[in-house]
Amino acid sequence: RFIASGSQEEFVSQEGLKMKRTHFVNGKTIIANSVMNMTEDEMKQTIIKQVEKSAPDQAQMIKDNIDQLMSTGMLKMDHKETATYELQDDGWVKSIVVDSTTETMGQTVVSKSIVTLK
């Protein structure tokens, strides 16, 4: 598959979030910026699923009050990711650096992953 600057694709993240990725190519470097791409109803379903897994005793309360909780920002959800791919002369990936930020229900998780070919 050919990647060009400005090309976009939709995918589902490891966390089950619908995302949209935009590629930027500069020589042997490809930067892929991803942002969450979900409707309000999709976010509600995802939040309810997460609460059912992590705190099943609170799931019904969330279901009953989700519209109010979302409108006040208490159930804000967002995920952003930037992946930088550095290519070797032969076109194979030399390194990948991924920075991501996830905000869910008042908590922010920031992570960085680095993969380097040796």
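Residues numbered from 1 in each chain as written. Predicted model: local features only at pLDDT ≥ 70, side-chain atom pairs only at ≥ 80, totals over all residues. Heavy atoms only, no water.

Asks: Could you clarify how one ought to interpret the overall build of the protein in this entry?
Replies: Each helix and strand in the protein was counted, giving two helices and six strands. Ordered by position from N to C terminus, the α and β elements of the protein give β-β-β-α-α-β-β-β. Whereas a compact globule of 118 residues would reach a radius of gyration of roughly 13 Å, the protein reaches 18 Å, over 25% beyond that. Summarising its shape, the C-alpha atoms of the protein cover approximately 55 × 30 × 20 Å along the three principal directions. Scored against the burial criterion, the 118 residues of the protein give a buried share of 30%. Taking as baseline every contact in the protein between residues at least 6 positions apart, the subset at least 24 positions apart corresponds to 32%. (Helix = DSSP H or I, 4+ residues; strand = E, 2+ residues; numbered from the N terminus. Rg over C-alpha atoms; globule rule 2.2 N^0.38 Å. Buried < 20%, exposed > 50% of the residue type's maximum accessible area, 1.4 Å probe, protein only. Contact = heavy atoms within 4.5 Å.)

Asks: I tried to follow the nonpolar core on my own but got confused; where do I start?
Replies: Nonpolar side chains tend to gather and get buried jointly when the protein is soluble and globular. Grouped together as the largest cluster of nonpolar side chains are 16 residues, with contacts concentrated most on Met36, Ile47, Ile62, Ile66 and Leu75. Sorting the residues of this core by element identifies helix H1 (40-54) and helix H2 (59-71) as the ones contributing at least two each. With five residues, the single largest contributor to this core is H2. Those residues in contact with Leu75 that sit more than four places away from it in its chain are Ile47, Ile62, Ile66, Leu69, Met70 and Met105. (Core = buried A, V, L, I, M, F, W, Y, C linked by side-chain atoms within 4.5 Å.)

Asks: Sorry if this is basic, but what is going on with the side chain of Ser7 here?
Replies: With respect to the helices and strands, the residue Ser7 is situated in the segment before strand E1 (8-12). Engagement of the side chain of Ser7 in a polar contact is seen with the backbone oxygen of Ala4, the distance being 2.8 Å. (Polar contact = N/O pair within 3.5 Å; in protein donor to acceptor, adjacent residues only side chain to side chain.)

Asks: Just to check I follow, could you spell out the environment of Met74 for this structure?
Replies: Within the secondary structure, Met74 is located in the loop between H2 and strand E4 (77-87). The exposure class assigned to Met74 is exposed, which follows from its relative accessible area of 53%. With 49 residues separating them along the chain, Met74 and Val25 place their C-alpha atoms 37 Å apart.

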